[in-house]
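# Examination of the molecular architecture
Given next are the chains, with one letter for each unit.
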Amino acid sequence: MIIADDSDEELLSVDRNTVVTYFKMHGAVLFRSFSIGVEKLQAFVKAYSKAQISYPGNQRAPISPDGTVQTVDVSAGPIPLHSELSHTPFRPDVCWFYCVTAPTSGSETILCDGSLLASELPVSIVQLFESNMLRYRRTTTIAFLERLLGIKGADALREFLNAGSYGQFYEMQGKEVRQDFVAPALREAKFLDRPVFANNIIHNYRPGKPLLYPTFANGSIIPEDLVVTLQQIAQRYTFEIQWRDDDLLMFDNTRLMHGRHAIADSRRTIWTQFSDANF
């Protein structure tokens, strides 16, 4: 759904109920032709959010002083479909992509509706996923989680993890943190009462190589032919965002997967924010 400014309207003046209704119905809203910039972007995101996170990877550059506005991954290659941070228990509800400078050709962002993908899965795959959770087991650093969660200090991080349900997924050992996160392959989206396929199986798969992250909960490898089937079905429900300058895309990270084609125009500049919804 596109909401376009045709009357010099301010972005923050757009009717909130309309935005929320379209977002829940379609899973994504594109705001077009508004004058935005860093401050207006942050104010608009804040108006729809109860918490924001900064992605701690080294492939993004900070834009805002607080680090919540960042560039997209600065590499030039294509990025397969995935849901942001779905390999952790800290998946944000909403992704925000702001196009500062649109590419002259190619370089499109892609979105796939995980609810439509799930509805087309063969019964055999549905049954397999319903009886097998996904396991995301890896070792990361304390610094990674500190940046992700906005927590400073190992003791504060340990206290946070142990205070809630997160402690079951993490074990701190020295400067490292061992993650053992289990999640369903088919889950309910936050704003849609139906199963969705929205994770990073497709993103992590490489043809001819075993998919080691994630595995099934029992440690067994997800079969390659199953992943290929997922890719084929996903293609039917994947569409491209043809960017224009000052486009702002707001989409449901619990329902949609996203990615991009290879960057064909190096002037393409997109900023991101990630947040949990307050609606």
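Below you will find a few notes about this structure. Bear in mind the structure is a predicted one, so any value in this text is a computation, not a measurement.

Residue position: Q70 is located in strand 4 (residues 70-71). Here Q70 falls in the buried class, since its relative accessible area comes to 6%. Only 2.7 Å separates the side chain of Q70 from the backbone oxygen of Y55, close enough to count as a polar contact.

Okay, the nonpolar core next. With 63 residues, the main nonpolar core has F129 and F197 as its most contacted residues. Considering every element that reaches this core, the biggest residue donor is helix 8 (residues 224-236), with five residues. Among the nonpolar cores identified, the runner-up in size contains 23 residues, and I3, Y98, L248 and W271 belong to it.

To find leftover empty space, a probe the size of one water molecule is rolled over the atoms. In this structure, the largest pocket encloses a volume near 670 Å³. Lining the largest pocket are 34 residues, and of these I53, F90, P92, L148 and L149 sit closest to its centre. Mapped onto the lining of the largest pocket, the elements with two or more residues apiece are strand 3 (49-53), helix 5 (142-149), strand 10 (176-183) and strand 11 (186-189). Its residues assigned to classes, the lining of the largest pocket comprises 16 nonpolar, nine polar and nine charged. Each pocket or cavity is described by its volume, and for the second largest pocket that value is around 490 Å³. Looking at the second largest pocket, it is lined by 27 residues, and the ones nearest its centre are Y55, R60, H82, E84 and H203.

The rules behind each value
Residues numbered from 1 in each chain as written. Predicted model: local features only at pLDDT ≥ 70, side-chain atom pairs only at ≥ 80, totals over all residues. Heavy atoms only, no water. Helix = DSSP H or I, 4+ residues; strand = E, 2+ residues; numbered from the N terminus. Buried < 20%, exposed > 50% of the residue type's maximum accessible area, 1.4 Å probe, protein only. Polar contact = N/O pair within 3.5 Å; in protein donor to acceptor, adjacent residues only side chain to side chain. Core = buried A, V, L, I, M, F, W, Y, C linked by side-chain atoms within 4.5 Å. 1 Å grid on protein atoms, 1.4 Å probe; cavity = no way out; pocket = protein on both sides within 12 Å on 5 of 7 lines; lining within 4 Å. Points joined across faces, edges and corners; volume = space filled by probe spheres on them. Nonpolar A, V, L, I, M, F, W, Y, C, P; charged D, E, K, R; others polar.

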